[in-house]
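Residue-level structural notes
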Amino acid sequence: TYEGRPIWAVKISDNPNVDEDEPELLFTAAIHAREVITPLTVFNIMDYLCWYYEYLPEVKAMVDDREIWFIPMCNPDGYYHNEVIAPTGGGMWRKNRSPNGDGSYGTDLNRNFGYMWGYDDFGSSPAPDAMTYRGAAPFSEGEPEPAIGSSPISWLWPALPSSLLLSPVPAA
């Protein structure tokens, strides 16, 4: 991250130290700093898979047949900033904390991915001081890199209102 905080990833698999030729599933949380409950959601999913692995055949099959990745904190700089500005809770900072060069800070990491980046100014903004600032270029921020590097087959994002399952779009 810009402020030097690590981004941790956890892999749950029957062979976690081996890169197997299996489908991969990625769970992420807190890409927006103010989504404070989402890391707990990811930890609960991890706990469920570990706890029920030996008791529920469907959980064992899921873990045995996939590489399941978790990034419980995608935006640690913004998350920490909310702790500083609102120590009793309720911080509404959304973006990361990289300086934009005009006195404003942060990029909305959810709008910094490459697919259809900058397509229009309705879902994201080119203005650095906007809450939905998409960044100077696709993938201009370091935080999306852990998600990109794992090349998941599917990506479950608990922060979405319906916990949608997202699948990559084939490259043109």
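The text that follows walks through the structure, step by step, so that each part is easy to find.

Conventions adopted
Residues numbered from 1 in each chain as written. Predicted model: local features only at pLDDT ≥ 70, side-chain atom pairs only at ≥ 80, totals over all residues. Heavy atoms only, no water. Helix = DSSP H or I, 4+ residues; strand = E, 2+ residues; numbered from the N terminus. Expected span 1.5 Å × (residues − 1). Buried < 20%, exposed > 50% of the residue type's maximum accessible area, 1.4 Å probe, protein only. Arc of directions from axis to C-beta. Contact = heavy atoms within 4.5 Å. Phe/Tyr/Trp six-rings, centres within 6.5 Å; stacked < 30°, edge-to-face > 60°. Lys NZ or Arg CZ within 6 Å of the ring centre and 35° of its normal. Pairing = 2+ DSSP bridges.

So, helix α1 (residues 38-52)
When the terminal C-alpha atoms of α1 are compared, their 21 Å separation across 15 residues agrees well with the 21 Å that a helix rising 1.5 Å per residue should span. Of the positions making up α1, those classed as buried are Thr38, Pro39, Val42, Met46 and Leu49. Along the axis of α1, the buried residues cluster in a sector spanning 115°; they form a single face. If you follow the buried residues of α1, they end up packed against β1 (10-12), β2 (24-28), α2 (57-64), β3 (67-71) and α3 (76-85).

Regarding the packing of aromatic side chains
Tallied over the entire structure, the rule returns 3 aromatic pairs. Look at phenylalanine 27 and phenylalanine 70: their rings are 4.9 Å apart centre to centre, the planes differ by 10°, and that puts the pair in the stacked class. With a gap of 43 residues between them, phenylalanine 27 in strand β2 and phenylalanine 70 in strand β3 connect regions that are remote in the sequence. For the residue pair phenylalanine 27 and phenylalanine 70, the accessibility class agrees, reading buried in each case. On the numbers, 6.1 Å between centres and 85° between planes, the contact of phenylalanine 113 with phenylalanine 139 is edge-to-face. Placement of the pair is phenylalanine 113 in the loop between α3 and α4 (145-149) and phenylalanine 139 in the loop between α3 and α4, with a sequence separation of 26 residues. The side chain of arginine 97 reaches across the aromatic face of tyrosine 105, ending 4.8 Å from its centre. For the cation-ring pair, arginine 134 lies above tryptophan 117, with the distance from its terminal atom to the ring centre recorded as 5.4 Å.

Regarding the pairing of β3
It is a general feature of regular strands that their side chains alternate between the two faces of the sheet. Counting buried positions over the 5 residues of β3 gives 4, a clear majority of the element. Of the pairings in the sheet, the one linking β1 to β3 comprises 3 bridges and is antiparallel in character. The partner of isoleucine 12 across the bridge, within β3, is isoleucine 68. In this sheet, β3 lies alongside β2 in parallel orientation, the contact comprising 5 bridges.

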